[in-house]
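If you want the building blocks of each chain, they are given just below.
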Amino acid sequence: MNHVTQLDAARRAVKMQRVLGGSGALLALIAVALSAVIAHSGRLDGVQHDVLRASATNAAMFMLLHGAAVTALAMQAVIPNDRYALIVMLVGTVLFSGSVIAGALLGTPTGLAPLGGSLLMLAWLWVAINRFWR
């Protein structure tokens, strides 16, 4: 690999770190906004909706924590393998939290939540493996 190719690869890596970090921060922002919507949603008023509110609040917390984790880990993601794990984490978070929150607020099916949760577990395992064998 020549010097120009290495420089281009380094620039792409830094750009991807920024995109991942920014995406994680936006995910955290959305989680905070959704937490406010969940807290003040008239649709979730009443005893029968306590479970939905608790599930949606939990999903928003997952979104906030994973958004913050991706933001923090993105700057340490120096090899492509690290960045792929964070992409899986972002996708898993959106599928899991998005499905649960949409189900609570809009009454839509939550069928994507198990896939999202599985992707989150896979992503964390991937991050752990990357850290152990570096």
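Worth saying up front: this structure is predicted, and the values here are computed from it rather than measured.

About the thresholds
Residues numbered from 1 in each chain as written. Predicted model: local features only at pLDDT ≥ 70, side-chain atom pairs only at ≥ 80, totals over all residues. Heavy atoms only, no water. Phe/Tyr/Trp six-rings, centres within 6.5 Å; stacked < 30°, edge-to-face > 60°. Helix = DSSP H or I, 4+ residues; strand = E, 2+ residues; numbered from the N terminus. Axes fitted to C-alpha atoms, helices over the stretch in contact; angles between N-to-C directions. Parallel < 35°, antiparallel > 145°, perpendicular 65-115°, else oblique. Left-handed = near helix turned anticlockwise from the far one by under 90°. Nonpolar A, V, L, I, M, F, W, Y, C, P; charged D, E, K, R; others polar. Salt bridge = Lys/Arg side-chain N within 4 Å of Asp/Glu carboxyl O. Buried < 20%, exposed > 50% of the residue type's maximum accessible area, 1.4 Å probe, protein only. Contact = heavy atoms within 4.5 Å. Expected span 1.5 Å × (residues − 1). Lys, Arg positive; Asp, Glu negative; His and termini not counted.

J.: Which parts of the structure should I look at to understand the packing of aromatic side chains?
T.: The description of two aromatic rings rests on the distance between their centres and on the angle between their planes. Within the structure shown, the criterion is met by 2 aromatic pairs. Residues F62 and F96 carry aromatic rings whose centres are separated by 5.2 Å and whose planes lie at 50° to one another, so their mutual orientation is tilted. Of this pair, F62 sits in helix α2 (residues 50-74) while F96 sits in helix α3 (residues 80-106), and the two are 34 residues apart along the sequence.

J.: Would you explain the packing of α3 against helix α4 (residues 113-132) in this entry?
T.: Each pair of packed helices can be summarised by the angle the axes make with each other and by the distance between the axes. Taken N-terminus to C-terminus, the directions of α3 and α4 make an angle of 155°; their axes are 7 Å apart at the nearest point. It follows from the interaxial angle that α3 and α4 lie roughly antiparallel. Note on packing geometry: the crossing formed by α3 with α4 is left-handed. Taken together, the residues of the contact of α3 with α4 break down into 17 nonpolar, 7 polar and 2 charged.

J.: Help me understand the pattern of salt bridges in this model?
T.: Applying the stated rule across the entire model yields 2 salt bridges. Between R11 and D8 there is a salt bridge, with the nearest N and O atoms lying 4.0 Å from each other. Pair noted here: R11 and D8 are both in helix α1 (residues 3-40), with a separation of 3 residues, about one helical turn. Relative accessible area serves as the criterion here: at 53%, R11 is assigned to the exposed category.

J.: Explanation requested: the packing of α1 against α3 in the structure shown.
T.: Contact geometry of α1 with α3 gives a least axis separation of 11 Å together with a crossing angle of 15°. When the axis of α1 is compared with that of α3, the two are roughly parallel. In terms of crossing hand, the pair formed by α1 and α3 is left-handed. Every residue of α3 that contacts α1 at A13, M16, Q17, L20, S23, G24, L27, L34, V37 and I38 is listed here: R83, L86, I87, L90, T93, V94, I101 and L105.

J.: Is there a simple way to explain α1 in this structure?
T.: Working note: α-helix, 3.6 residues per turn, so residues spaced by three or four point in the same direction. The terminal C-alpha atoms of α1 lie 56 Å apart, and with 38 residues this matches the ideal 56 Å at 1.5 Å per residue to within 8%. All buried positions along α1 are accounted for by A13, Q17, L20, G21, G24, L27, A28, A31 and I38. Looking at the buried residues of α1, the elements they touch are α2 and α3.

J.: What should I look at first to understand the side chain of R83 in this one?
T.: Turning to its location among the elements, R83 is positioned in helix α3. The side chain of R83 sits in the buried core without any salt bridge; D82 is the nearest counter-charge, 6.8 Å away. Every residue in contact with R83, bar those within four places of it in the chain, is listed here: A13, M16, Q17, L20, A77 and V78.

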